[in-house]
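What follows is each chain in one-letter form.
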Amino acid sequence: MSKINYYTESGLQKLKDELQDMERVQRPLISAQIGEAIDKGDLSENAEYDAAKEAQGILEMKIAKLKEIISNARLIDESTLDTSKALILSTVKIKNLSNNAEVTYTLVAENEADLKAKKISVDSPIGKGLLGKSVGDIADVETPRGILQFEILEITRS
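Residues numbered from 1 in each chain as written. Predicted model: local features only at pLDDT ≥ 70, side-chain atom pairs only at ≥ 80, totals over all residues. Heavy atoms only, no water.

A. Spatial organisation of the nonpolar core. Core analysis: the largest hydrophobic core is formed by 18 residues, its most contacted members being Ala86, Ile88, Val92, Ile94, Leu107, Leu130 and Ile152. Those elements that place two or more of their residues in this core are β3 (90-96), β4 (102-108), β6 (138-143) and β7 (146-157). Within the second largest apolar cluster, 15 residues are counted, among which are Leu12, Leu19, Ile30 and Ala52. (Core = buried A, V, L, I, M, F, W, Y, C linked by side-chain atoms within 4.5 Å. Buried < 20%, exposed > 50% of the residue type's maximum accessible area, 1.4 Å probe, protein only. Helix = DSSP H or I, 4+ residues; strand = E, 2+ residues; numbered from the N terminus.)

Below, the structure is given as structure tokens:
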């Protein structure tokens, strides 16, 4: 059974753009490489042909996987999100109670996570710990170093 994932409009568009690039740019390039290799003659000893066919197989697997992901994608209506609790697409300001460091993260789907952009997956340990919490709540987050506690300071919509 396929896993349903939730995406922002920009995240889903990024996947569609990647699929379009694979189908319209990469696929014809590989086909051209196969054609050139065939033109060189004996296919039984043609390393270029073998490499191009392998690249084609890998690309086709990636295309199939991406099509499956897109077909199981669900778009999130950001206007209906509740800001009283930490949910997907919530921007949450938290304070680490062990060192009083404050940080703000946006909770996103796993494939949209980007730590540099302060976007963390709802499937990550911190994301799981924050989900469903309200301002003032303490989130216990299990990490390899033990349990960390974060106080929810603020929740806004991304």
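B. Main features of the packing of helix α1 (residues 9-39) against helix α2 (residues 47-71). At a minimum axis separation of 9 Å, α1 and α2 run at an interaxial angle of 160 degrees. Taken together, the axes of α1 and α2 lie roughly antiparallel to each other. Remark: the crossing between α1 and α2 carries left-handed chirality. In the contact of α1 with α2, the residues fall into 15 nonpolar, 3 polar and 9 charged. (Axes fitted to C-alpha atoms, helices over the stretch in contact; angles between N-to-C directions. Parallel < 35°, antiparallel > 145°, perpendicular 65-115°, else oblique. Left-handed = near helix turned anticlockwise from the far one by under 90°. Nonpolar A, V, L, I, M, F, W, Y, C, P; charged D, E, K, R; others polar.)

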